[in-house]
Amino acid sequence: MELYSVLKSNVNKKPLDIGCGSLTASIKENGTISTINAYHPTKGYLTLSSLETFSNGLWYDSEYVRAYRKRIAGLGEGNRAHGFGFSHDRDIQDWHSGYTPEGKLVITYKLDQLNVAITFEAIDASGRSTVVQSIEVKNSSTMDQTFLFQIGGTYNLNRCSYGQLTEGGPIQMPEQINDLKIQGHRMSLRNPSLPAQVVMTVFEDGQPLDLGTEKRTSKEPIKQLSEYQWKIAPSEVKQLLITYTINTEGEALNDVELGNDLISHLKGISVVEEPLRFIDTSWSHYVIRRNVAYILNCCSVPVKDEQVCVITDHQLLPLSWNRDSYYMMKLLIDADEHEGILTQADKRKVRETIKGHLLWMFMTAERPSGYWGRAYLTNGYCKDDVYQLDQQCYPLLELCEYYEWTKDKETVVRLLPYLEDTIQEIMKSRHEKYWLFKTGETPADDKVDYPYHFSSQILMWQTLRKLDALNNQIPFTTLKLHEWVQQVQTDCLDHFTIESEGKRMFAYLVDLQGNHTTYHDANDLPTVLAPIWGFCDADDSRWINNMEFAFSTRNVGGYYEGVYSGLGSIHTPHPWPLGDAQQLIYSSLINDQDQYTFVLNKLKKLCQWDGLYSEAVHEESGEVTSRHWFSWPGAFISQALLQNKQSIVQELVG
């Protein structure tokens with residue numbers, strides 16, 4: 001079995017993730033399940049975990065939000081023992097773990113004379129999405145061995161919290177109710193306030209394992225643990241199969257055939273008997289592959305018909321931002337255009353995912369005030385009805401680039417009726433005299449001091465440019481898009497060019513009445529992309545001075561000094577991997593190889609062991625300070641690696 005090995009030497013670790021879109025799971029290092037999460041048609045996203053439900057009274061307490069997120073990652077006080085599934089009390093030796101190219105997670109280790117192999121995968125069986133945990137234990141000694149183990153843990157089924165640091169309007173948590181029923185080899189846990197139900201089934205060596213009989217109801221997380229003992233002969237292999245299915249459709253799940261289908265699926269597959277072969281690949285290839293897999297398996301949620309909602313992560317904030325999802329989908333396109341990244345199965349899934357996401361954004365994501373809001377539940381409900389200019393641009397840009405990539409005229413024609421109204425809605429934010437556009441918040445979700453934001457104007461220019469090209473191929477409007485493109489560029493360069501400390505650069509915000517602010521944020525990706533898009537040249541002194549300012553202490557609130565110093569955000573005041581990605585692109589554009597190598601080495605150290613990146617890290621230790629799960633930075637870093645084609649090609653063949 002071939003595996004992409006986890007980066008064991010890396011400091012930043014989090015539970016390891018698997019998924020099949022509608023159902024995901026995160027696994028602790030010892031093979032215990034941390035959470036299982038699933039799409040819900042009315043609540044958005046559910047979680048089965050060991051934690052108590054997020055408190056309804058603490059939505060605006062940012063320290064509580066941060067602490068709760070850490071506990072989900074298993075870092076809070078007393079949380080290392082939480083979880084559920086298979087467990088034991090023996091010390092682990094010779095631990096290894098990795099992912100198959102298809103996304104199955106494998107963990108192997110030794111317990112003295114016992115070899116243990118645990119696999120996790122999320123699959124569709126009997127028409128239902130199911131997490132399958134397979135445990136194999138082999139006696140490698142010449143004597144009988146006794147093995148004590150437990151099945152169960154602490155369970156709590158409820159909706160994900162959606163707790164934000166910049167709360168735009170909390171959605172109250174449903175009542176915490178855990179209705180437990182155990183009969184034979186089957187455990188059912190219901191929360192009628194959702195409603196939703198989890199069904200766990202257990203098989204021992206292919207036969208149902210009796211868990212006993214029990215019924216309980218609790219308004220707290222509920223603990224249920226059963227102990228078992230195996231006598232294992234020399235060279236004998238014992239197997240457990242545990243399945244988890246979350247039902248959100250109302251009817252009870254009681255089909256034993258579910259387990260039988262999975263036993264058939266796994267028949268003849270024995271990880272403990274098969275030598276593991278770790279794929280010899282570069283760090284860049286590993287990071288790109290893992291971020292693509294995370295997007296496809298854990299963040300791309302089929303919701304109805306062909307539609308797919310793309311969430312920024314499956315754990316902490318399983319919400320959809322147009323901005324985040326654009327860069328996630330862009331990585332899928334970029335990966336498709338490079339040999340050696342995607343399998344044929346991946347390529348089919350990538351196209352279906354991006355097409356489904358476009359349909360979801362234009363046809364399902366609510367626009368209660370006429371524009372796209374800040375963030376969405378998977379069912380299209382607009383959680384935060386706040387106007388951000390860039391969020392209006394990204395769906396249009398994604399549609400144009402999808403057509404450039406696929407020439408899928410049929411899908412574009414389906415969405416043409418939405419385009420002119422969307423453009424006209426954006427025009428409402430245009431200045432009465434200049435071709436500049438207002439925003440209510442920055443891309444960091446923070447309120448603006450002045451309404452005109454620099455990187456959003458660059459994005460507006462790029463969006464209009466792409467729309468003009470699309471209109472030339474598939475006419476959908478008589479608006480003079482070509483003229484608008486030039487006007488936006490001219491007015492942006494005129495009104496954002498300032499002098500600061502004797503150098504010409506770009507302002508961050510302006511009011512067009514003479515006032516401005518200087519700042520640059522890790523979230524302002526269009527600024528660093530400006531030469532790549534063609535908005536300005538890479539040798540434009542204003543752009544160079546702007547980026548040099550960004551990566552200096554002059555950028556107050558945006559740059560953080562330390563061992564792992566870098567560009568961050570006042571939104572979460574630490575260096576951000578997104579900021580490092582900007583510096584990686586910048587150093588490549590100005591051909592500064594020393595700076596490029598320095599940033600690349602930093603990213604290798606800050607990378608979490610599964611190839612994903614967090615929102616922010618501590619400037620001295622490099623440890624994660626915010627959001628262990630956050631797909632956007634890993635997606636953008638992966639794009640930056642792919643953009644440096646010479647480097648990535650050398651690594652792929654090296």
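Here's what I pulled together on the structure shown here.

Rules behind the numbers
- Residues numbered from 1 in each chain as written.
- Predicted model: local features only at pLDDT ≥ 70, side-chain atom pairs only at ≥ 80, totals over all residues.
- Heavy atoms only, no water.
- Salt bridge = Lys/Arg side-chain N within 4 Å of Asp/Glu carboxyl O.
- Helix = DSSP H or I, 4+ residues; strand = E, 2+ residues; numbered from the N terminus.
- Buried < 20%, exposed > 50% of the residue type's maximum accessible area, 1.4 Å probe, protein only.
- Polar contact = N/O pair within 3.5 Å; in protein donor to acceptor, adjacent residues only side chain to side chain.
- Pairing = 2+ DSSP bridges.
- Core = buried A, V, L, I, M, F, W, Y, C linked by side-chain atoms within 4.5 Å.
- Contact = heavy atoms within 4.5 Å.
- Axes fitted to C-alpha atoms, helices over the stretch in contact; angles between N-to-C directions.
- Parallel < 35°, antiparallel > 145°, perpendicular 65-115°, else oblique.
- Left-handed = near helix turned anticlockwise from the far one by under 90°.
- Nonpolar A, V, L, I, M, F, W, Y, C, P; charged D, E, K, R; others polar.

Remarks on the pattern of salt bridges
Phase 1: Taken as a whole and assessed by the stated rule, the structure comprises 30 salt bridges.
Phase 2: We note a salt bridge from K219 to E175, for which the minimum N-O separation is 2.8 Å. With K219 in the loop between strand 16 (213-218) and strand 17 (222-232) and E175 in the loop between strand 11 (145-159) and strand 12 (178-183), this residue pair connects regions lying 44 residues apart in the sequence.
Phase 3: By relative accessible area, K219 is classed as exposed at 54%.

A closer look at the environment of D210
Phase 1: Tracing the backbone through its elements, the reader meets D210 in the loop between strand 15 (207-208) and strand 16.
Phase 2: Classification of D210 as exposed rests on a relative accessible area of 52%.
Phase 3: Considered as a pair, D210 and Q164 are 46 residues apart in the sequence and their alpha carbons are 42 Å apart.
Phase 4: From its side chain, D210 meets the backbone nitrogen of G212 in a polar contact 2.9 Å long.

Description of the sheet that holds strand 29 (residues 572-575)
Phase 1: The strand order across the open sheet built from 3 strands is 27-28-29, with neighbouring strands paired in antiparallel fashion. Since the sheet does not close on itself, it has two edges, and those belong to strand 27 (559-560) and strand 29, each with one partner.
Phase 2: Inspection of the sheet shows strand 27 paired to strand 28 (residues 566-569) by 2 bridges, in the antiparallel sense. Within strand 28, the position partnered with Y559 by the bridge is L567.

Some points on the nonpolar core
Across soluble globular proteins, you tend to see nonpolar side chains buried next to one another.
Phase 1: Ranked by internal contacts, the top residues of the largest apolar core, which has 139 residues, are I354, F496 and F636.
Phase 2: Ranked by residues supplied to this core, first place goes to helix 6 (residues 389-406) with 10 residues.
Phase 3: Here F496 is in contact with L436, Y452, H453, F454, Q457, M505, F506, A507, Y508, L509 and V510, once residues within four sequence places are set aside.
Phase 4: Within the second largest apolar cluster, 55 residues are counted, among which are I27, I107, I232 and I246.

Considerations on the side chain of S456
Phase 1: Position of S456 among the secondary structure elements: in helix 8 (residues 454-473).
Phase 2: The exposure class assigned to S456 is buried, which follows from its relative accessible area of 2%.
Phase 3: Looking at S456, its side chain comes within polar contact range of the side chain of H453, at 2.8 Å.
Phase 4: Beyond its immediate stretch of four places on either side in the chain, S456 contacts L389, D390 and P443.

Notes on the packing of helix 12 (residues 577-589) against helix 13 (residues 593-606)
Phase 1: Remark: helix 12 packs on helix 13, axes separated minimally by 8 Å, with the N-to-C direction vectors making an angle of 155 degrees. The orientation of helix 12 relative to helix 13 falls into the category roughly antiparallel. For the crossing formed where helix 12 meets helix 13, the hand is left-handed. Residue-level inspection shows P577, D580, Q583, L584, Y586, S587 and S588 of helix 12 in contact with helix 13, the latter providing Q595, Y596, V599, L600, K602, L603 and L606.
Phase 2: Here the residues of the contact of helix 12 with helix 13 are counted per class, giving 8 nonpolar, 4 polar and 2 charged.

Focus on the pairing of strand 7 (residues 93-99)
Consecutive side chains along a regular strand alternate between the two faces of the sheet.
Phase 1: For strand 1 (residues 2-5) and strand 7, the ladder comprises 2 bridges, and the chain directions are antiparallel. Looking across to strand 7, one finds that S5 is bridged to G98.
Phase 2: Here 5 bridges tie strand 7 to strand 8 (residues 105-111), and the two strands are oriented antiparallel to one another. Looking at strand 8, one finds that H96 is bridged to T108.
Phase 3: Where strand 7 folds back on strand 8, the antiparallel hairpin that results is connected by 5 residues, among which G103 adopts a positive phi of roughly 105 degrees.

Details of the packing of helix 6 against helix 8
Phase 1: Packing of helix 6 against helix 8 brings their axes to within 9 Å, and their N-to-C directions diverge by 35 degrees. Pair helix 6 / helix 8 crosses with left-handed handedness. The residues of helix 8 that touch helix 6, namely those facing L389, D390, C393, Y394, L396, L397, C400, E401, Y403 and E404, are S456, Q457, L459, M460, Q462, T463, K466, L467, L470 and Q473.
Phase 2: Residues of the contact of helix 6 with helix 8, tallied by class, amount to 11 nonpolar, 5 polar and 4 charged.

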